[in-house]
Amino acid sequence: DFVTNISKKLSPPLVTLLSSEPEVQYVALRNINLIIQKRPDILKHEMKVFFVKYNDPIYIKLEKLDIMIRLTSQANIAQVLSELKEYSTEVDVDFVRKSVRAIGRCAIKVEQSAERCVSTLLDLIQTKVNYVVQEAVVVIKDIFRKYPNKYESIIGTLCENLDTLDEPEARASMIWIIGEYAERIDNADDLLESFLDNFNDENSQVQLQLLTAIVKLFLKRPTDTQELVQQVLSLATQDSENPDLRDRGFIYWRLLSTDPAAAKEVVLAEKPLIAEETDLLEPTLLDELICHIASLASVYHKPPTAFVEGKVGLKKMLPARAGDTDSEQEAAGATIIPEPG
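Conventions adopted
- Residues numbered from 1 in each chain as written.
- Predicted model: local features only at pLDDT ≥ 70, side-chain atom pairs only at ≥ 80, totals over all residues.
- Heavy atoms only, no water.
- Helix = DSSP H or I, 4+ residues; strand = E, 2+ residues; numbered from the N terminus.
- Buried < 20%, exposed > 50% of the residue type's maximum accessible area, 1.4 Å probe, protein only.
- Polar contact = N/O pair within 3.5 Å; in protein donor to acceptor, adjacent residues only side chain to side chain.
- Contact = heavy atoms within 4.5 Å.
- Expected span 1.5 Å × (residues − 1).
- Patch = residues over 30% accessible without salt bridge, like charges linked within 9 Å, V, L, I, M, F, W, Y side chains within 5 Å.
- Areas by Shrake-Rupley, 256 points an atom, 1.4 Å probe, with all protein chains shown as cover.
- Salt bridge = Lys/Arg side-chain N within 4 Å of Asp/Glu carboxyl O.
- Lys, Arg positive; Asp, Glu negative; His and termini not counted.
- Charge placed at Lys NZ, Arg CZ, Asp CG, Glu CD.
- Core = buried A, V, L, I, M, F, W, Y, C linked by side-chain atoms within 4.5 Å.

## Remarks on the side chain of His301
If you trace the backbone, His301 turns up in the loop between helix 16 (296-300) and helix 17 (304-307). Relative accessible area serves as the criterion here: at 14%, His301 is assigned to the buried category. A polar contact of 3.0 Å, which involves the side chain of His301, links it to the backbone oxygen of Arg30. Setting aside chain neighbours within four positions, we find His301 in contact with Arg30, Asn33, Leu34, Leu281, Leu285 and Leu289.

The following block contains the structure:
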């Protein structure tokens, strides 16, 4: 009861700080971020104060966005999604990207509202704004990983936007989706083959994902994809200078040629579900930072030792050389060099 009463009294002053100038707001938001990780109930009814204003600086917007996601629950998901969808039409590209990703994080956090979040993402894809589409594809991949075999009906819509994807993360995400659901996409082989045309020019992230996706496709449909898998294995092992790609290619090739059943168990193994919130601080670090609320540590989200006693801040003096005059010794003694390492 004592903790509950104290928690209730904490809320009004924290909310009041958010009407200050931006710099004070930022410090308050960084501290609030820590507090709600420890005790989310303190501000669970104050979601609206964290809604972004049009004239907020970008650093305030991003902090508010992060806190909104932490406070999201089944009770307030409707208004949060409405806000995030609105943010996704703003002019600040970086903020728009973060807003689209936030919708995906809400879907992963609040399972009952995942369908509503997916529907919102599909609406954003229909806007055909390039960077919005790319971010939406990336977060939909994460939603597929969290809720396998649940939202495959939207794959057709994603495939329609394949040609607009030019960023490595978005292309790799789309390739993952095609490979993961290859048995449900009639032209999966054609879609993956279209990426092979410029295989050597692709980012390594895309190359690795493409190699795995085509091997998955071969294991699911071996009769009509033999030539495709031979082509990608050849490109990965003979034409590539990337050791990671070569090694993975050789492992797949050896598995497929010696024990296809083992290859199936390895490549098509059930994947662990992704965590709800991957950016939470470690409990021990969080407890330490809570003890340093309203200090630099709570703004940096790092313990004081990281920026006060750490190696980064150490300096040492060069010794004076024999035969130097007093003035030269003073100059030499005043020379400061950073600690190596």
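## Observations concerning unusual backbone geometry
Negative phi is the rule for most residues except glycine; trans is the rule for most peptide bonds. Non-glycine residue Asn149 carries a positive phi angle of around 60°. Among the structural elements, Asn149 can be located in the loop between helix 7 (130-146) and helix 8 (155-160).

## Regarding helix 12 (residues 226-239)
Under the 1.5 Å per step criterion, the end-to-end length of helix 12 is 19 Å for 14 residues, consistent within 8% with the ideal 20 Å. Those residues of helix 12 that are buried lie in contact with helix 10 (188-196), helix 11 (204-220) and helix 13 (243-258).

## Considering a negative patch on the surface
A surface patch of negative charge is lined by Asp190, Glu193, Asp197 and Glu227. Among the secondary structure elements, Glu227 is positioned in helix 12.

## A look at the nonpolar core
Formed by 94 residues in total, the largest nonpolar core has its most connected members in Phe50, Leu84, Phe144, Met174 and Ile177. Of all the elements, helix 11 adds the most residues to this core, at ten residues. Excluding residues within four positions of it along the chain, Phe144 makes contact with Tyr151, Glu152, Ile154, Ile155, Leu158, Trp176, Ile177 and Tyr181.

## Comments concerning the side chain of Lys64
Structurally, Lys64 is set in helix 3 (residues 58-71). With a relative accessible area of 1%, Lys64 lands in the buried category. Apart from residues lying up to four places away in sequence, Lys64 is in contact with Gln25, Leu29, Val49, Phe50, Phe51, Val52 and Asp56.

## Remarks on the pattern of salt bridges
Enumeration over the complete set of coordinates arrives at 21 salt bridges. Here Glu169 makes a salt bridge to Arg101, at a shortest N to O gap of 2.8 Å. Separated by 68 residues along the polypeptide, Glu169 in helix 9 (residues 168-180) and Arg101 in helix 5 (residues 93-109) bring together distant segments of the chain. The partly exposed category is assigned to Glu169, whose relative accessible area is 34%. Overlapping salt bridges, with partners in common, bring together Arg97, Arg101, Glu135, Glu167 and Glu169 in one network.

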